[in-house]
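Coordinate analysis (summary)
The primary structure of each chain is shown beneath.
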Amino acid sequence: MQTRFKQVVAALTLSVFSGLALSAEHIVEMKNAGADGAMVFEPGFVQAEPGDTVKFVLVDQAHNSTSVAVPEGASGWQGGINEEITVTLDEEGVYVYKCTPHAALNMAGVIQVGEATNYDAAKAAVDELSAAAATNKDRLAKYFANVQQ
């Protein structure tokens, strides 16, 4: 009986740690300048799986990350200025986010988690952010072009 108990405990432990090992952490840097120009998230597009996390890391001051569009059932986020934030992506779909103080410069990004369940709503958010931007109008659309339907 004690051997069976140990086997069950071992199986449960392995199951828990296997689930943890499958999730990944993606790092997105908030920068004044990067490969895609001024006021940018790097990378601007992230491909993730349900359960993964995205950590927004402050490289330069005066940035934040706040969600603009998230899939149905997902929680949005709003990081404070100069605040690093980690977001867990539990729902499949497309997440669109921006830096609030630099939205006019189209400092925004896209995360796809699994299937693009909310493709049209995410595309509308991208179009709206891009239309309101004073500069870098095509940058966010280029990131969104990576979304697989």
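To be clear, the structure that these remarks concern was listed above.
What comes next concerns the included structure. Please read these numbers as outputs of a predicted model, since none were measured by experiment. (Residues numbered from 1 in each chain as written. Predicted model: local features only at pLDDT ≥ 70, side-chain atom pairs only at ≥ 80, totals over all residues. Heavy atoms only, no water.)

Concerning the packing of aromatic side chains
Let me state the cut-off plainly: We call Phe, Tyr and Trp rings a pair once their centres come within 6.5 Å, taking the six-membered ring for Trp, and we label the pair stacked below 30 degrees between planes, edge-to-face above 60, and tilted otherwise. Secondary structure follows DSSP: runs of H or I at least 4 residues long count as helices, runs of E at least 2 residues long count as strands, and numbering of each begins at the N terminus. Think of it in three bands: with a 1.4 Å probe and only protein chains considered, a residue is buried below 20% of the maximum accessible area for its type, exposed above 50%, and partly exposed in between.
Tallying each qualifying case throughout the model produces seven aromatic pairs. Seen in terms of ring centroids, Phe41 and Phe56 are 6.0 Å apart; in terms of plane orientation they differ by 75 degrees. Their pairing is edge-to-face. Placement of the pair is Phe41 in strand β2 (residues 37-42) and Phe56 in strand β4 (residues 53-58), with a sequence separation of 15 residues. Summarising the burial analysis for this pair, Phe41 and Phe56 share the class buried. Seen in terms of ring centroids, Phe41 and Tyr97 are 4.8 Å apart; in terms of plane orientation they differ by 80 degrees. Their pairing is edge-to-face. Of this pair, Phe41 sits in strand β2 while Tyr97 sits in strand β7 (residues 93-98), and the two are 56 residues apart along the sequence.

Notes on helix α2 (residues 119-132)
The condition that has to hold: Helix span, as expected, comes to 1.5 Å for every residue beyond the first. By construction, the arc corresponds to the directions joining the helix axis to the C-beta atoms. We call two residues contacting when some pair of their heavy atoms lies within 4.5 Å.
In this model, α2 (14 residues) spans 20 Å end to end at C-alpha, consistent with the 20 Å of a helix rising 1.5 Å per residue. Looking at α2, one finds that the buried residues are Ala122, Ala125, Val126, Leu129 and Ser130. Taken down its axis, α2 places every buried residue within 130 degrees of arc, on the same side. Facing away from the buried side of α2 by over 90 degrees, the exposed positions are Asp120, Glu128, Ala131 and Ala132. Packed against the buried residues of α2 are β5 (66-69), β7, β8 (108-113) and α3 (139-144).

Comments concerning the pattern of salt bridges
Threshold: One side-chain nitrogen of Lys or Arg within 4 Å of one carboxyl oxygen of Asp or Glu is enough to make a salt bridge.
Tallied over the entire structure, the rule returns four salt bridges. The salt bridge partner of Glu42 is Lys31, with a shortest N-O separation of 2.8 Å. Here Glu42, found in strand β2, pairs with Lys31, found in strand β1 (residues 25-34); they are 11 residues apart in sequence, far enough to count as distant. With respect to burial, Glu42 and Lys31 carry one shared label: buried. Note that Lys142 is salt-bridged to Asp138, the shortest N-O span being 3.3 Å.

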